[in-house]
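# Structure at a glance
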Amino acid sequence: MRKYWLMKSELDVYPWEALVSEGRTHWDGVRNYQARNMMRDKMKKGDLVLFYHSNCKPPHIAGIAKIVRESYADFTSWDVKSKYFDPKSTPENPRWFMVDIEPLIKIDNIGLPDLRSNPLLEGMPLLKKGSRLSVQPVPEEYFSVICTISGINNFETL
DNA sequence: GCCAACGTTGGC
DNA sequence: GCCAACGTTGGC
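I will try to describe carefully the structure that is included in this document. (Residues numbered from 1 in each chain as written. Chains lettered and ligands numbered in written order. Predicted model: local features only at pLDDT ≥ 70, side-chain atom pairs only at ≥ 80, totals over all residues. Heavy atoms only, no water.)

## Some words on the layout of surface pockets
- The calculated volume of the largest pocket comes to roughly 700 Å³.
- As for the largest pocket, its lining consists of 23 residues, of which K8, S9, G29, V30 and S134 are closest to the centre.
- Elements represented by at least two residues in the lining of the largest pocket include exactly β1 (4-10), β2 (25-26) and α2 (33-42).
- The element contributing the most residues to the lining of the largest pocket is β1, with 3 residues.
- Grouping the amino acids of the lining of the largest pocket by side-chain chemistry returns 7 nonpolar, 10 polar and 6 charged. (1 Å grid on protein atoms, 1.4 Å probe; cavity = no way out; pocket = protein on both sides within 12 Å on 5 of 7 lines; lining within 4 Å. Points joined across faces, edges and corners; volume = space filled by probe spheres on them. Helix = DSSP H or I, 4+ residues; strand = E, 2+ residues; numbered from the N terminus. Nonpolar A, V, L, I, M, F, W, Y, C, P; charged D, E, K, R; others polar.)

Okay, structure coming up:
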């Protein structure tokens, strides 16, 4: 069964447009164990991802991406020059993992206020108080609602 | 294994 | 820039 996710990216660090122009990217830099575990253990090829822009006004969903490679070691974690360097992670014993994604479709930006004001999205993890995870699951019912808002009527075929 | 201090995220 | 809500660290 295909699953659905939401991944946050700061608008001025790595926007949707960068993903589109590169055609594919590896999702490096996740340094939270909960987020890591979901990427490492749960994300499967073909799963769909809501690409979310954080740290902007308003924060918003900008597109839908697809998982094209399952979990492998995040090599930035043992790169001393990387800002994601973690001395406890080595190639022999990696602590952090990443996946590859490809852009699928741009969706018309859906702002956080729009998400909050939609009663159909009540209970969505992103909207819960104190939700900070940069990688989080999106139950299918919510994914479906967001597709409908975006004019995508048959998201099953994406 | 507890918990205080500290650091980070991210909306506002 | 503020600060709530976390998560992590490290002394004990």
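## Observations concerning the protein's contact with DNA strand B
- Neighbouring residues of DNA strand B: K8, Y52, N55, P59, L112, R116 and R132.
- Within 4 Å of the protein, the contacting atoms of DNA strand B are drawn from sugar and phosphate to the extent of 76%.
- Here a phosphate oxygen of DNA strand B and a side-chain polar atom of Y52 are 2.9 Å apart.
- R132 places a polar side-chain atom, nitrogen or oxygen, 2.6 Å from a base oxygen of DNA strand B.
- Grouping the amino acids of the surface near DNA strand B by side-chain chemistry returns 3 nonpolar, 1 polar and 3 charged. (Near = heavy atom within 4 Å. Polar contact = N/O pair within 3.5 Å; in protein donor to acceptor, adjacent residues only side chain to side chain.)

## Quick word on the protein's contact with DNA strand C
- As a matter of local geometry, DNA strand C sits amid N32, Y33, Q34, K88, K129, G130 and R132.
- Expressed as a percentage, the sugar and phosphate content of the atoms of DNA strand C within 4 Å of the protein is 74%.
- Taking K129, its side chain carries an N or O atom lying 2.6 Å from a phosphate oxygen of DNA strand C.
- In this structure, a base oxygen belonging to DNA strand C sits 2.8 Å away from a side-chain N or O atom of R132.
- Within the surface near DNA strand C, the residues separate by chemical class into 1 nonpolar, 3 polar and 3 charged.

## Regarding the side chain of D74
- Along the chain, D74 falls in the loop between β4 (60-73) and β5 (97-111).
- A distance of 2.9 Å separates a polar atom in the side chain of D74 from a polar atom in the side chain of R31.
- The residues contacting D74, other than those within four sequence positions of it, are D28, G29, V30, R31, W96, F97 and M98. (Contact = heavy atoms within 4.5 Å.)

## Considerations on the nonpolar core
- Residues L50, L115, M124, F143 and I146 are the most contacted members of the largest nonpolar core, which totals 23 residues.
- Considering every element that reaches this core, the biggest residue donor is helix α4 (residues 140-149), with 5 residues.
- Excluding its chain neighbours within four sequence positions, the residues that come into contact with L115 are I61, I110, L121, L126, L127 and I146.
- Counting 21 residues, the second largest nonpolar core, distinct from the first, contains M7, L19, A65 and I67. (Core = buried A, V, L, I, M, F, W, Y, C linked by side-chain atoms within 4.5 Å. Buried < 20%, exposed > 50% of the residue type's maximum accessible area, 1.4 Å probe, protein only.)

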